[in-house]
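What follows is each chain in one-letter form.
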Amino acid sequence: MKKAICLKKLFLAVFFLCASVFADSTTVKNLYPKQHRGFYSSQNFGVSFIDFEKHSDDDYAKFSGVSPNLMEFRFGIGIGNVLAFYTQFNLAVYIGSLDWGDIDCDDEYKNCLVEDEESEDNVAFARSYIAFGTSIYPFRDTSSALNGFFVGSSFGYGISSPIKDIEAQSVEIQFTVEIGKDWWVSEQLSLGVGIAYFRAFPQFEALSDLTNAVQGFHLLFRMTRG
């Protein structure tokens, strides 16, 4: 319970800090109205779905859940009204079901059996993602209905941990791909929506006949400056 309260406070602190930075940045005169040039920032909020599975030499954990409070922040630079390069950070708390147990394998790591299996519903699972990414805006004409359409990708590290004492923590290498659409509401600000798919690979020794993977989807509502 204390961990959940601390995490909520962290969510609020990050939100108000980034909102303050965003508000200050929009007061600067934009030399390139409705163009992706110069300072670029995007604050995104939405829903995320995840399916997490990890195996090590002697234990495993599997989690499936949904987060209604995904927060994501991007800061970088727009170039030529076509490309945006940025650092990316997101944070979410997922609620779902967790299964875990011990694994007993033979000497060749085959014929593995799960022992002492346990499961629990309504488990809170926290996850963050830190990465470098880029978005491409191929339609530059502001009079075009396709203006604001973008595709993007990022690559970095994910960190997953249950909010209780279960040995299912993980550090992962992750990639994300996304597609979406922004609509300009002023010379500097656009609002939009995006859909992203992510897949990650936990970094620990895995059994030869088992697969370790984290994957899921984000539905994001975007507020972008620059």
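A brief look at the structure comes next. All values reported here derive from a predicted model rather than from experimental measurement.

1. Details of the side chain of Ser190
And then number 1: Inspection of the secondary structure assignment puts Ser190 in strand β7 (residues 189-202).
And then number 2: When residues no more than four places from it in sequence are discounted, the contact partners of Ser190 are Asp182, Trp183, Trp184, Val185, Arg222, Met223 and Thr224.

2. Points about the pairing of strand β3 (residues 83-104)
And then number 1: The pairing of strand β2 (residues 59-79) with β3 spans 17 bridges and is antiparallel. Bridge assignment links Gly65 to a residue of β3, and that residue is Gly96.
And then number 2: Hairpin connection, β2 to β3: the antiparallel pair is bridged by three residues, and Gly80 has positive phi, about 65°.

3. Focus on unusual backbone geometry
And then number 1: Here the phi dihedral of Lys34 falls at roughly 55°; this positive angle occurs in a residue that is not glycine.
And then number 2: Summarising the element assignment, Lys34 is placed in the loop between α1 (2-25) and β1 (38-55).
And then number 3: Residue Lys34 is classed as partly exposed on the basis of its relative accessible area, which comes to 35%.
And then number 4: Although it is not a glycine, Asn81 adopts a positive phi angle of roughly 60°.
And then number 5: Mapping Asn81 onto the fold places it in the loop between β2 and β3.
And then number 6: Residue Asn81 is classed as buried on the basis of its relative accessible area, which comes to 7%.

Rules behind the numbers
Residues numbered from 1 in each chain as written. Predicted model: local features only at pLDDT ≥ 70, side-chain atom pairs only at ≥ 80, totals over all residues. Heavy atoms only, no water. Helix = DSSP H or I, 4+ residues; strand = E, 2+ residues; numbered from the N terminus. Contact = heavy atoms within 4.5 Å. Pairing = 2+ DSSP bridges. Buried < 20%, exposed > 50% of the residue type's maximum accessible area, 1.4 Å probe, protein only.

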